[in-house]
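Per-entry structural report
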Amino acid sequence: MLIAKTFHDVPSKLDNGRPIRIFVVSPVVPNYPQAKFPGVVCFSEIYQVTGPVERFAGQIASQGYVVACPSSYHEFQGSEAIPYDTEGTDRGNRYKIEKDVTAYDEDATLSVDLLVSLPNCNGRIAATGMCLGGHLAFRAAFDSRVLSSVCFFATDVHSATLGKGKNDDSLARVHKGDMTGKGELVMIFGKQDTHVPREGRDLIRKTLEDAEVPCSFLEVQAQHAFIRDESSKGRWDAALTRSLFTFMMEVFDRTIGRDLGPKVDKGEKVEHVC
C-alpha cells in the first residue's frame, strides 16, 4: 500500500502542558477516503524517531496499519532525531534515566488515545519498539487496549533500571498480575546482546511464564540493534530482520488485523496426541 506521513502535537499533562510530537504514518488506498485500519504504536530507541525507525514504521503502515511514533524525549528537547554518534548516544542514555517512568507511560497512553481518535483507525491497537522502545512496548501491554506487543531487544527490563532513579516496576507489575489476561506478548533478543545477558533473559522469561502471560520468547543469533539499517556499528542483519518482521506481522494480523469479537475462554485443555 501507499503511505502518507504527518504528525500531531498532543499536550502532556505531566509536562506542564508542553506537547509531545507523535509522528503518524498511514496506509493510503486511492479512491477509498473512509478506509479504516488497525493501529500500532512504534516506540523508538534512545535516539527518538530516526530514519531507521521511520522506515520500520513505514513498512508496517504499508501492510495496512496506522502507525504512531512518539517522540520520547519531549521534556528535554524538540522532536528532532538524536545523532547516532558518541555525543548523541551519551545524550540519549542520559535522557533515558532522567525521565520519570510515569512520563513514559503517559506518552504511551497519549499515543494510543491519538490512534483510537483518528478517523482512519478502527481502534484495534498493538505496539512494537526496539531497545528503549522495546521496554516501552512491553509496558504498553499493561494497557488493556493494546492487544499485542512485539518487543525487540528490550533494555532495562531485567535490571529494573528504566527512568529516573533507575528503579522501574515492569517485572514487579507482571509478577503482581497486571499483564495477566490481557494481550499477547512477543520478546525478541539476540543471544549475543551484551545489554541483556542470558541471566536477564531467563529472568524475563520466567516472570512472564509464572504470571501466565501469553508470550512467545525468541532468542536469535544476533547482537543488540540488529534491525537498525543505519549506523548499526556492524550489527545489522537484513535477512534476520526480514524474517522477524514477517513473524511480527503474523502476530498483528492475527490479533488486531480483523475484528474477532470478545475473547471467550472455554477452559478447554489441549489434547495430547501424536
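In what follows, the structure referred to is the one given above.
Everything in this summary refers to the structure shown in the same document. Along each chain, residues carry numbers from 1 onward, in the same order as the chain's sequence is written. Only residues with pLDDT of 70 or above have their local features reported here, since the model is predicted, and side-chain atom pairs are shown and tallied only from 80 upward, although totals for entire chains, interfaces and linings are computed over all residues. Processing note: side-chain calculations cover all non-hydrogen atoms of the structure and skip hydrogens and water entirely.

1. With respect to the environment of Asp107
As a reminder, the rule being used: Secondary structure elements follow DSSP: runs of H or I no shorter than four residues count as helices, runs of E no shorter than two count as strands, and numbering proceeds from the N terminus. We call a residue buried when its accessible area falls under 20% of the maximum for its residue type, exposed when it is over 50%, and partly exposed in between, using a 1.4 Å probe and counting protein chains only. Contacts are assigned to residue pairs that have any heavy atoms within 4.5 Å of one another.
One can find Asp107 in helix 3 (residues 101-117). By relative accessible area, which is 3% here, Asp107 ends up buried. For the pair Asp107 and Ser72, spaced 35 residues apart in sequence, the C-alpha separation works out to 7.2 Å. Contacts of Asp107, omitting those with residues within four sequence positions, involve Ile20, Ser72, His74 and Lys99.

2. Some details on the nonpolar core
Our working definition: Side-chain atoms within 4.5 Å link the members of a nonpolar core, which is a set of buried Ala, Val, Leu, Ile, Met, Phe, Trp, Tyr and Cys residues.
One finds Phe138 and Phe152 to be the most contacted residues of the largest nonpolar core, which totals 81 residues. Tallying contributions element by element places helix 7 (residues 238-255) first for this core, with seven residues. With residues up to four places along the chain from it excluded, the contact list for Phe138 reads Cys151, Val157, Ser170, Leu171, Val174, Met179, Leu185, Met187 and Leu208.

3. So, the packing of aromatic side chains
For clarity, the threshold we go by: Between the rings of Phe, Tyr and Trp (Trp by its six-membered ring), a pair exists once the centres lie within 6.5 Å; its type follows the angle of the planes, with under 30 degrees stacked, over 60 edge-to-face, and the other angles tilted.
For the structure shown, the criterion picks out eleven aromatic pairs. Centre to centre, the rings of Phe56 and Phe245 are 6.1 Å apart; their planes meet at 80°, and the pair counts as edge-to-face. Within this pair, whereas Phe56 is found in helix 1 (residues 51-62), its partner Phe245 is found in helix 7, the two being separated by 189 residues in sequence. The same class applies to Phe56 as to Phe245, namely buried.

4. What to know about the environment of Ile256
Here Ile256 lies in the segment after helix 7. Dropping the residues within four chain positions of it, Ile256 is found in contact with Pro38, Gly39, Val40, Tyr65, Arg124, Ile125, Ala126 and Leu147.

5. Some details on the state of the cysteines
We apply this condition: We call a pair of cysteine sulfur atoms a disulfide whenever their separation is within 2.5 Å.
By the definition in use, this model includes zero disulfides. Cys69 carries a free sulfur, and the closest cysteine sulfur to it, the one in Cys42, is 4.4 Å from it. What makes Cys69 buried here is its relative accessible area of 2%.

6. What to know about unusual backbone geometry
A positive phi is found at Asn31, a non-glycine position, where the angle reads about 75°. When you line up the elements, Asn31 lands in the loop between strand 2 (19-28) and strand 3 (37-43). Since its relative accessible area comes to 74%, Asn31 is described here as exposed. Even without a glycine there, the phi angle at Ala160 is positive, about 55°. Mapping Ala160 onto the fold places it in the loop between strand 6 (146-152) and helix 5 (170-176).

7. What to know about the sheet that holds strand 5 (residues 121-130)
In any sheet, the strands associate via hydrogen bonds between backbone groups, in a parallel or an antiparallel arrangement. What counts here: Any two strands with at least two DSSP-identified bridges between them are counted as paired. Every angle, taken between N-to-C directions, lies between 0 and 180 degrees, and every axis is a line fitted to C-alpha atoms, over only the stretch in contact when it is a helix.
Read across the sheet, eight strands follow the order 1-2-4-3-5-6-7-8 without closing on themselves; strand pairing throughout is mixed. Single-partner strands in this sheet number two, and they are strand 1 (2-11) and strand 8 (215-220). On average, each strand axis in the sheet is inclined to that of its neighbour by 20°, with strand direction left out of account. Pairing geometry for strand 6 and strand 7 (residues 184-190), over five bridges, is parallel. The partner of Val150 across the bridge, within strand 7, is Val186. Set on the sheet, helix 4 (residues 132-140) makes contact with strand 3, strand 5, strand 6 and strand 7; between it and strand 5 the angle comes to about 140°.

8. What to know about the pattern of salt bridges
Basically, it comes down to this: Salt bridges are identified by distance alone: a Lys or Arg side-chain nitrogen within 4 Å of an Asp or Glu carboxyl oxygen.
Applying the stated criterion across every chain yields a total of 24 salt bridges. One salt bridge connects Lys99 with Glu75, and the closest N-O pair in it is separated by 3.1 Å. Of this pair, Lys99 sits in the loop between helix 2 (86-96) and helix 3 while Glu75 sits in the loop between strand 4 (66-70) and helix 2; the two residues are 24 residues apart in sequence, bridging distant segments of the chain. Note on Lys99: relative accessible area 1%, which makes it buried.

9. What to know about helix 2
Basically, it comes down to this: The directions considered for the arc are those from the helix axis to the C-beta atoms. Here a polar contact is taken to be a pair of N or O atoms separated by no more than 3.5 Å, where protein atoms must pair a possible hydrogen donor with a possible acceptor and residues adjacent in sequence count only if both atoms sit in side chains.
Within helix 2, the full set of buried residues consists of Gly88, Thr89, Arg91, Gly92, Tyr95 and Lys96. The buried residues of helix 2 occupy an angular sector of 165° when projected down its axis, which confines them to one face. In this structure, the buried side of helix 2 is in contact with helix 3 and helix 4. If you check the start of helix 2, you find a side-chain oxygen 3.4 Å away from the backbone N of Glu87, and it comes from Asp85.

This is a description of form; function is not addressed.
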